[in-house]
Amino acid sequence: QVQLVESGGGLVQTGGSLRLSCAASGRSFTRYTTAWFRQPQGKEREFVAAIRWSAGWRFYADFVKGRFTISRDNAKNTVYLQMSSLNPEDTAVYYCATDVVTTTPPMAQNEYNYWGQGTQVTVSS
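Everything numeric in this text was worked out from a predicted model, so none of it was measured.

> So what exactly am I meant to see when it comes to the pattern of salt bridges here?
Any two side chains of opposite charge can pair if their charged atoms end up close together. Enumeration over the complete set of coordinates arrives at four salt bridges. A salt bridge links R67 to D90, with the shortest nitrogen-to-oxygen separation between them at 2.8 Å. Here the residue R67 occupies a position in the loop between β6 (58-60) and β7 (68-73), and D90 occupies one in the loop between β8 (78-83) and β9 (92-99), the gap between them amounting to 23 residues. Residue R67 is classed as buried on the basis of its relative accessible area, which comes to 15%. Taken together, the shared-partner salt bridges connect R38, E46, R67 and D90 into one network.

If you want it as structure tokens, here you go:
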């Protein structure tokens, strides 16, 4: 059984930084892609970034390029999302998701069957 546990959310001021973590367990993730999605209150969930475990390829939504960085620690089975230059529009519940996703870019939510519980990120103005 695959389990994902997110952490690192919180309240930060505009221009600040946060690092989210997604700890995975349950199986080997060498063929998996892990992604971050976010859902602002009252809006649909959207793709943020993804990384392929084996090759380390990274994909980003246009609105986070240059501000967010996704990375992984294979030894810890953990994926990180380093967020900087945050603004109030980044306020959302952030979810990590994982699965064997072969499409490029791996942005479609319905390709991910394993999801974490979400962590709230709030950026104050």
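> Any chance you could explain the side chain of T78 here in plain terms?
Within the element layout of this structure, T78 appears in strand β8. By relative accessible area, T78 is classed as buried at 8%. Here K76 takes part through its backbone oxygen, which lies 2.9 Å from a polar atom of the side chain of T78. The residues contacting T78, other than those within four sequence positions of it, are S21, C22, A23, W53, S71, R72 and D73.

> Would you explain the sheet that holds β8 in this entry?
By way of backbone hydrogen bonds, the strands of a sheet pair with one another, either parallel or antiparallel. One open sheet accounts for four strands, arranged β1-β3-β8-β7; its pairing is antiparallel. Of all strands in the sheet, those bounded by a partner on one side alone are β1 (3-7) and β7. Strand-to-strand twist of the sheet, defined as the mean angle between neighbouring strand axes without regard to direction, takes the value 15°.

> What am I meant to see in the state of the cysteines here?
Each disulfide consists of one covalent bond between the sulfur atoms belonging to two cysteines. Under the counting rule described, the total for this entry stands at one disulfide. Paired through a disulfide, C22 and C96 show a sulfur-sulfur distance of 2.1 Å. Disulfide C22 to C96: torsion about the S-S bond roughly 65°, handedness right-handed. Placement of the pair is C22 in strand β3 (residues 18-25) and C96 in strand β9, with a sequence separation of 74 residues. Each of the two residues, C22 as well as C96, counts as buried.

The rules behind these values
Residues numbered from 1 in each chain as written. Predicted model: local features only at pLDDT ≥ 70, side-chain atom pairs only at ≥ 80, totals over all residues. Heavy atoms only, no water. Salt bridge = Lys/Arg side-chain N within 4 Å of Asp/Glu carboxyl O. Helix = DSSP H or I, 4+ residues; strand = E, 2+ residues; numbered from the N terminus. Buried < 20%, exposed > 50% of the residue type's maximum accessible area, 1.4 Å probe, protein only. Polar contact = N/O pair within 3.5 Å; in protein donor to acceptor, adjacent residues only side chain to side chain. Contact = heavy atoms within 4.5 Å. Pairing = 2+ DSSP bridges. Axes fitted to C-alpha atoms, helices over the stretch in contact; angles between N-to-C directions. Disulfide = S-S within 2.5 Å.

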